[in-house]
Amino acid sequence: MIRRIWTLFNARNLEFLRDRSALAWSIIFPVMIIVGFSVLFSAESRPLYKVGVIGPLETSQPVYGPQLQAFSEMRHIEFIEFASMRHAMNTLRHHRIDLLIDPARGVYWSSGTSPSGYVVEKLLVASGTAKKTGMKKESVQGEEIPYIEWLFPGILAMNIMFSALFGVGYVVVAYRKNGVLKRMSVTPLRPWEFITAQILSRMFLLLITTSVVFAGCMLLYGFRMRGSYVALLLVFIAGGFSMISLALVVASRSASEEFASGVLNVISWPMMFLSEVWFSLEGARPWVQKASRALPLTQMIEAARMIMNDGAGIVEVRSHLFMLCIMSAACIIMGSLLFAWQKK
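What comes next is a walk through the structure. (Residues numbered from 1 in each chain as written. Predicted model: local features only at pLDDT ≥ 70, side-chain atom pairs only at ≥ 80, totals over all residues. Heavy atoms only, no water.)

1. Remarks on helix H7 (residues 147–178)
With 32 residues, H7 should reach 46 Å at 1.5 Å per residue; the first-to-last C-alpha distance of 45 Å fits that figure. Across the 32 residues that make up H7, a large majority, 28, are buried. Just past H7, the residue glycine 179 takes up positive phi, approximately 85°. (Helix = DSSP H or I, 4+ residues; strand = E, 2+ residues; numbered from the N terminus. Expected span 1.5 Å × (residues − 1). Buried < 20%, exposed > 50% of the residue type's maximum accessible area, 1.4 Å probe, protein only.)

Listed below in structure tokens is the structure:
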């Protein structure tokens, strides 16, 4: 049994490594995104601006008090209410909002590392609100996190998602379509052994390629790792396993590569936009935020950012690890039960 799994494990690794284009793309793609965003956001431009306001909101008024009326009437600015100063400041540090205002105290905060924060601050000054009310700027409490460092964990997790979904789901369907699985079905190989070999192979390759990207970007950009490397490794293992398990559900009975590719795209692209890879969902509709929490990519990204940006350890991200394990168990059981060697 062990020898059969080991043989399939080695065969799958060699198959992937011999495909030079796939290997190179899995490494180059996330690096290209990091380089592109580092250049893009150095130009100090983002299309959406979010301003946090501390204090209760009077629902009968469209603005947050008369002192903010001129500023609040500007277009393309979204105002988000915060009841807790600590929550609001933490949201600002993590680039979920671009500016934070406390009307009661007459102060505002803007992140010096955020291009959007710079623009919104200029809009606040241009509106005359700060001058008329005597509103003053205060320094952000706690260590600021550069936007590119906030983005980095999301890029790594997104790369894991695409590599796991298409590296397992698409390949297994291709095996079934080409008759490879049919030939395997007449061997002593059991379905769970085949699935185990696929999971181990993809996990091994995921960790290798992610480590290369992680080390390269850390050296190139000098990103700071504030948390535990062990905790980050566990998060990526749990996240990768959940993605592979999800891919196996799609590939368990699919016989068409085109169909499998379409389903995988339907799964991956919404996750990419709803899991805060590129931007925060702060201020989005409540149902959108709840739907985002149910996605494995969201759990992986949140845990990775807590570790890399906030210095969290295994204890702090245990709930995310638990959710990823539950999702993985549900998908692996479903995939095993539905798995078929041949086309149905």
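Having seen the model, we can carry on.
2. Focus on unusual backbone geometry
Residues other than glycine seldom take positive phi values, yet glutamate 276 does so here, at roughly 60°. Mapped onto the secondary structure, glutamate 276 falls in the loop between helix H11 (257–274) and helix H12 (286–293).

3. Things to note about the pairing of strand E3 (residues 99–102)
Burial along E3 is two-sided: the residues Leu99 and Ile101 and Leu100 and Asp102 are all buried. In the sheet, E3 pairs with strand E4 (residues 107–110) via 4 bridges, with the strands oriented antiparallel. Bridged to aspartate 102 within E4 is valine 107. Between E3 and the antiparallel strand that follows it, E4, lie 4 residues; glycine 106 among them carries a positive phi value of about 75°. (Pairing = 2+ DSSP bridges.)

4. Observations concerning the pairing of strand E1 (residues 49–54)
Within E1, 6 of the 6 residues are buried, which leaves the element mostly enclosed by the surrounding structure. Alternating positions in E1 separate into two faces, Tyr49, Val51 and Val53 on one and Lys50, Gly52 and Ile54 on the other, with burial throughout. Of the strand pairs in this sheet, E1 and strand E2 (residues 77–82) are connected by 6 bridges, and their pairing is parallel. Within E2, the residue paired with valine 51 across the bridge is phenylalanine 79.

5. Remarks on the side chain of glutamate 276
By relative accessible area, glutamate 276 is classed as buried at 8%. Excluding residues that lie within four positions of it along the chain, glutamate 276 makes contacts with Arg96, Trp150, Leu281, Glu282, Ile301 and Arg305. (Contact = heavy atoms within 4.5 Å.)

6. Here we look at the nonpolar core
Counting 72 residues, the largest nonpolar core has Met161, Phe194, Leu297 and Met300 as the members making the most contacts within it. Elements represented by at least two residues in this core include exactly helix H1 (2–18), H7, helix H8 (180–184), helix H9 (191–221), helix H10 (229–251), H11, helix H13 (296–310) and helix H14 (318–338). Per-element tally for this core: the top contributor is H7, with 19 residues. Residue contacts for leucine 297: discarding those within four places in its chain leaves Ala157, Met158, Met161, Met243, Met271, Met272, Ser275 and Val277. Counting residues in hydrophobic clusters, the runner-up holds 12 residues, among them Val51, Ile77, Tyr108 and Met135. (Core = buried A, V, L, I, M, F, W, Y, C linked by side-chain atoms within 4.5 Å.)

Fair warning: the whole summary comes from geometry, so function is off the table for now.
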